[in-house]
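Observations on chain architecture
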Amino acid sequence: MEPGEQGLGGFFEAIRHAVNCDTKNVVGATNLCHIASVPSKVEKCVYTQGLDSLGKDALHVASATASALEARFQARVDADDKIEPKDWMPDAYRHTLIRQISQHAHSEIVGMLPEGNWITRAPSLRRKAVLIAKVQDEGGHGMYLYSAAETLGISRDQMTAQLLAGTAKYSSIFNYPTPTWADVGAIGWLVDGAAIMNQIPICRCSYGPYARAMVRICREESFHQRQGFEIMMTLARGTPEQKRMAQDALNRWWWPSLMMFGPSDAESKHTAQSMRWKIKRFSNDELRQHFVDVTVPQAEFLGLKVPDPALRWDEASQHYEFGAIDWSEFNNVLKGNGPCNRERLDARRRAWDEGQWVREAAVAHAEKQKQRAARAA
Ligand SMILES: [Fe+2]
Ligand SMILES: [Fe+2]
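This write-up is about the structure you can find in this document. (Residues numbered from 1 in each chain as written. Chains lettered and ligands numbered in written order. Predicted model: local features only at pLDDT ≥ 70, side-chain atom pairs only at ≥ 80, totals over all residues. Heavy atoms only, no water.)

Considerations on the coordination of the iron ion (ligand 1)
Those protein atoms acting as donors to the iron ion (ligand 1) are Glu-108 (OE), Glu-138 (OE), His-141 (ND1) and Glu-221 (OE), and they sit at 2.0 to 2.2 Å. Classification of the site at the iron ion (ligand 1) as irregular follows from its four donor atoms and the range of 86 to 144 degrees in their angles at the metal. In primary-sequence terms, the residues that donate to the iron ion (ligand 1) follow E-x29-E-x2-H-x79-E. Distance-wise, the iron ion (ligand 2) is placed 3.4 Å from the iron ion (ligand 1), both being coordinated by Glu-138. Taken as a pair, His-141 in helix 6 (residues 125-150) and Glu-221 in helix 9 (residues 208-236) lie far apart in primary sequence, 80 residues in all. The buried category is assigned to His-141, whose relative accessible area is 0%. By relative accessible area, which is 1% here, Glu-221 ends up buried. (Donors = N, O, S within 2.8 Å, 3.2 Å for Na, K, Ca; no water. Tetrahedral: all angles 85-135°; square planar, octahedral: opposite > 155°, others 65-115°. Helix = DSSP H or I, 4+ residues; strand = E, 2+ residues; numbered from the N terminus. Buried < 20%, exposed > 50% of the residue type's maximum accessible area, 1.4 Å probe, protein only.)

This is the structure in structure tokens:
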């Protein structure tokens, strides 16, 4: 039986084993949240990673009609074949992936900022070391994902330019502030927890480079989720003041975490097509429901209260029912009016400017190496 046929619970169980046992691919679903469309112009001449030479597919392709190509492509997707960079693919598939992967990469990079804010103020050496490792992982995730997107014909510079110009989206959750140490715990527990739900299914996305990048990323995300939960547990079992900090952080991050799964299925523009292409395996609402079902018992274990008066267990459906999400807040943050949108982009722009000398030094070093190699030859 395919994991996708087992229902969400069995599916995630199967995946936990797959990821832990170091096996290959796991199943695909939605991207990081609210990914709106980025006007990414794909310049066919900008292929990287050796893609400027056309693959053997191109020779077959010349004589075939567009619809025959589409049919063959879809048949490969239906057969769970991986689509690789040199394979023929519909333009819309390419654009969808560029949009999704680049926004996912931006989210990893911008996502370093709210927690990076606490590295210098972590409460102990151990906490500091763990947090540095976690934030560094997120930087690595961004690098894998930028590389995966480059295989589709967009350059890293183009993606960075879109981010810094404010035309590319990233996950809105990172536009919220982290006023206390408990926010670091809540981010690991809830934000990385929601990211895992979203991302594990992408390990079996139809596009090979994206799927392979996600396998490694998901392993690291599960460490992130556990370190966050451990911080929350320490606080929840600490002094009344520490417990209050943990509760306040849960209150701040609960609803934005539910929004990470993106608009409801009725509103989600891209879902049906992405499902057909096997970029996505589960709908936003299915994944959100699964997150609530898994996370509410964890909050109870911590002795914390989920800030939702409408939350109740429904015996008939065997799921938690939860209150309505404030989509006006979601849309407002998405439009750039969240508490930290401006601060996050300013930080990225500053980092880019301050890194100019490093890029120049790297280019100069590469040139020197080349000259040395030429002299030695
Ligand atoms: Fe990550
Ligand atoms: Fe993470």
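From this point, the narrative continues.
Observations regarding the pattern of salt bridges
Within this structure, the stated rule accounts for 18 salt bridges. Across the salt bridge formed by Arg-344 and Glu-343, the nearest N and O atoms sit 3.8 Å from each other. Residue Glu-343 is classed as partly exposed on the basis of its relative accessible area of 49%. Of the charged contacts, one joins Asp-346 and Arg-349 as a salt bridge, the two residues approaching to 3.5 Å between their closest N and O atoms. Of this pair, Asp-346 and Arg-349 both sit in helix 14 (residues 341-354), three residues apart, which is roughly one turn of the helix. Residue classification places Asp-346 among the partly exposed residues on the basis of a relative accessible area of 34%. Because the salt bridges share partners, they merge into one network encompassing Asp-80, Arg-204, Lys-278 and Arg-281. (Salt bridge = Lys/Arg side-chain N within 4 Å of Asp/Glu carboxyl O.)

Topic: the coordination of the iron ion (ligand 2)
Protein coordination at the iron ion (ligand 2) comes from Glu-138 (OE), Asp-192 (OD), Glu-221 (OE) and His-224 (ND1), with a distance range of 1.9 to 2.2 Å. One can describe the site at the iron ion (ligand 2) as irregular: its four donor atoms subtend angles covering 91 to 161 degrees at the metal. The motif formed by the donor residues of the iron ion (ligand 2), counted along the single chain, is E-x53-D-x28-E-x2-H.

Observations regarding the side chain of Asp-137
Secondary-structure assignment places Asp-137 in helix 6. Arg-216 provides the closest opposite charge to the buried, unpaired Asp-137, separated from it by 7.6 Å. Once residues within four sequence positions are removed from consideration, Asp-137 is found in contact with Glu-220, Phe-223 and His-224. (Lys, Arg positive; Asp, Glu negative; His and termini not counted. Contact = heavy atoms within 4.5 Å.)

Such coordinate-based values are descriptive only and should not be taken to indicate function.
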